[in-house]
Amino acid sequence: MAENSDTPTTTDKPALSDPITLRVPQDILAEVEQIAQATERSRSWVIVRALKYYLMAEGNDVLQILKGEEQVRNGEFVDAEDLFAELLGEPKTDAA
């Protein structure tokens, strides 16, 4: 049965950006090239994979901090004293 060419498949590649220029230290490039050769992948594939892992870890931490700061600016937060009082079953204190 022929597949509809409009239907994405699991082998479809993600949309790519325009090429970018990136300067990296020689030692890092050497490791990227070594990994690319060992895995029979391109340098670009190795670098994109490394960027994905960064974005999932440290990059995600940065994005979560930015989101939290925005929530505070929008008044979307709970005062810590009120939270602890609620958790301990104490009456809420009003700061006057």
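Scroll up for the structure.
Computed from a predicted model, the values in this text were never measured in an experiment.

Caption draft 1: Spatial organisation of the overall build of the protein chain. Broken down by element type, the protein chain carries 4 helices and 0 strands. Relative to its full complement of 96 residues, the protein chain shows a buried share of 5%. For the protein chain, the accessible surface area stands at approximately 9500 Å², while carbon and sulfur atoms represent 56% of it.

Caption draft 2: Seen up close, unusual backbone geometry. At Glu40, a residue that is not glycine, the phi angle is positive and equals roughly 55°. Mapping Glu40 onto the fold places it in the loop between helix H1 (26–39) and helix H2 (43–56).

Caption draft 3: Seen up close, the packing of H2 against helix H3 (residues 58–73). Contact geometry for H2 and H3: axes closest at 3 Å, N-to-C directions at 40°. Classified by the interaxial angle, the pair formed by H2 and H3 is oblique. Where H2 approaches H3, its residues Tyr54, Leu55 and Met56 are matched on the opposing element by Glu58, Gly59 and Asn60. Looking at the contact of H2 with H3 residue by residue, the classes come out as 3 nonpolar, 2 polar and 1 charged.

Caption draft 4: Main features of the pattern of salt bridges. Per the stated rule, a full pass over the model turns up 1 salt bridge. With a closest N to O distance of 2.7 Å, Glu33 and Arg43 form a salt bridge. Of this pair, Glu33 sits in helix H1 while Arg43 sits in helix H2, and the two are 10 residues apart along the sequence. On the basis of relative accessibility, which here comes to 36%, the residue Glu33 falls in the partly exposed class.

Reading guide: rules and limits
- Residues numbered from 1 in each chain as written.
- Predicted model: local features only at pLDDT ≥ 70, side-chain atom pairs only at ≥ 80, totals over all residues.
- Heavy atoms only, no water.
- Helix = DSSP H or I, 4+ residues; strand = E, 2+ residues; numbered from the N terminus.
- Buried < 20%, exposed > 50% of the residue type's maximum accessible area, 1.4 Å probe, protein only.
- Areas by Shrake-Rupley, 256 points an atom, 1.4 Å probe, with all protein chains shown as cover.
- Axes fitted to C-alpha atoms, helices over the stretch in contact; angles between N-to-C directions.
- Parallel < 35°, antiparallel > 145°, perpendicular 65-115°, else oblique.
- Contact = heavy atoms within 4.5 Å.
- Nonpolar A, V, L, I, M, F, W, Y, C, P; charged D, E, K, R; others polar.
- Salt bridge = Lys/Arg side-chain N within 4 Å of Asp/Glu carboxyl O.

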